[in-house]
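The chain contents come next:
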Amino acid sequence: MTTYAALLRGINVGGSKRVPMPELRDVLAGLGHTAIATHLQSGNAVFRSDSEDEQALAAALEQALHQRFGFAVDCLVRDAGYLAAVADACPFPAAELAGKQLHVTYVDRPVDARRFADLEAETFLPEEFRLGDRCLYLYAPDGLGRSKLAVALGRPRHVKGIVATTRNWNTVAKLVEMTRD
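So, a few notes on the structure that sits alongside this text. Being a predicted model, the structure only gives us computed values, none of them experimental.

1. Some thoughts on unusual backbone geometry
Okay, so step 1: For the peptide bond that leads from Leu125 to Pro126, omega is 10°, which places it in the cis range.
Okay, so step 2: Structurally, Pro126 is set in the loop between helix H4 (121–124) and strand E6 (128–132).
Okay, so step 3: Even without a glycine there, the phi angle at Arg134 is positive, about 55°.
Okay, so step 4: In this structure, Arg134 sits in the loop between E6 and strand E7 (135–139).

Listed below in structure tokens is the structure:
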């Protein structure tokens, strides 16, 4: 059995795409997963499965959520080792920053730096971003809600064709803790 985190994109924001966490746990149980737990109301779930195929797990969860709630929800599924490796590889001094200052955007596939070549990094300082393994690290000292770099990174030309979902560092660390065997 492998421990995974499911990262749901765009639920429970602004009153749309409501997915109550008890119902998310029910959906995961209905898919045969065990040791299910959720974190916050923003679509973070941890579970155990005997499957080793993250993409198949995400596709099955997306289908089950659509059947249950009647709307599409993009999902990423990542195993415990990956989550820990992303946290360990952070290029910013995470221990010295507030959780709201540092974010990880998880993506469904590797992204190439050329995707963001039109961004002039100096324009956004002190905000910065770095690419990682199927993720993007964002340092936004005034928080994500005030980040001009986050807005620029989220433009269609930068995210077209990828599934991306962002978590602040507190959630990143909590998911690592929750998936640790």
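2. Thoughts on the environment of Gly81
Okay, so step 1: For Gly81, the location among the structural elements is in helix H3 (residues 80–88).
Okay, so step 2: Look at Gly81 and you get partly exposed, because its relative accessible area is 48%.
Okay, so step 3: Separated by 99 residues in the primary sequence, Gly81 and Arg180 have C-alpha atoms spaced 8.3 Å apart.

3. With respect to the pattern of salt bridges
Okay, so step 1: Inspection of every chain in the model, using the stated rule, returns ten salt bridges.
Okay, so step 2: The residue Asp108 makes a salt bridge to Arg109 at a minimum N-O spacing of 3.2 Å.
Okay, so step 3: Through salt bridges with shared partners, a single network forms among Glu54, Arg78, Asp133 and Arg134.

4. So, the pairing of strand E3 (residues 44–49)
Okay, so step 1: Judged by how many residues are buried, E3 sits mostly within the fold: five of six residues are covered.
Okay, so step 2: Bridge count between strand E2 (residues 34–39) and E3: four bridges; the pairing is antiparallel. By the bridge assignment, His39 is partnered in E3 with Asn44.
Okay, so step 3: Linkage of E2 to E3, two consecutive antiparallel strands, is achieved through a turn of four residues, within which Leu40 is found at a positive phi near 60°.

5. Focus: helix H7 (residues 169–179)
Okay, so step 1: Restricting attention to buried positions, one finds in H7 the residues Trp169, Thr171, Val172, Leu175, Val176 and Thr179. All buried residues of H7 lie within an arc of 165° about the axis, which places them on one face of the element.
Okay, so step 2: Its buried side turned inward, H7 meets strand E1 (2–8), E2, E3, H3, strand E5 (102–107) and strand E8 (164–168).
Okay, so step 3: Two or three places before Asn170, at the opening of H7, Asn168 has a side-chain oxygen 3.0 Å from that residue's backbone nitrogen.

6. Regarding the layout of surface pockets
Okay, so step 1: Of the pockets and cavities examined, the largest pocket occupies roughly 690 Å³.
Okay, so step 2: Those elements that provide at least two residues to the lining of the largest pocket are E5, E7, helix H5 (148–153), helix H6 (156–159) and E8.
Okay, so step 3: Top element by residues in the lining of the largest pocket is E8. It accounts for five residues.
Okay, so step 4: Tallied by class, residues from the lining of the largest pocket come to 18 nonpolar, ten polar and two charged.

7. Side note on the sheet that holds E8
Okay, so step 1: On the basis of which strands lie adjacent, the open sheet formed by four strands has the order E6-E7-E5-E8 and antiparallel pairing. Edge strands, defined here as strands with exactly one partner in the open sheet, are E6 and E8. Looking at each pair of strands side by side, their axes are set apart by 20° on average, direction ignored.
Okay, so step 2: The pairing of E5 with E7 spans five bridges and is antiparallel. Counterpart to His103 in the pairing with E7 is Leu138.
Okay, so step 3: Along the sheet, H3 makes contact with E5 and E7, crossing E5 at roughly 140°.
Okay, so step 4: This element, H7, spans E5 and E8 of the sheet and lies at about 95° to E8.

Definitions and limits used
- Residues numbered from 1 in each chain as written.
- Predicted model: local features only at pLDDT ≥ 70, side-chain atom pairs only at ≥ 80, totals over all residues.
- Heavy atoms only, no water.
- Helix = DSSP H or I, 4+ residues; strand = E, 2+ residues; numbered from the N terminus.
- Buried < 20%, exposed > 50% of the residue type's maximum accessible area, 1.4 Å probe, protein only.
- Salt bridge = Lys/Arg side-chain N within 4 Å of Asp/Glu carboxyl O.
- Pairing = 2+ DSSP bridges.
- Arc of directions from axis to C-beta.
- Contact = heavy atoms within 4.5 Å.
- Polar contact = N/O pair within 3.5 Å; in protein donor to acceptor, adjacent residues only side chain to side chain.
- 1 Å grid on protein atoms, 1.4 Å probe; cavity = no way out; pocket = protein on both sides within 12 Å on 5 of 7 lines; lining within 4 Å.
- Points joined across faces, edges and corners; volume = space filled by probe spheres on them.
- Nonpolar A, V, L, I, M, F, W, Y, C, P; charged D, E, K, R; others polar.
- Axes fitted to C-alpha atoms, helices over the stretch in contact; angles between N-to-C directions.

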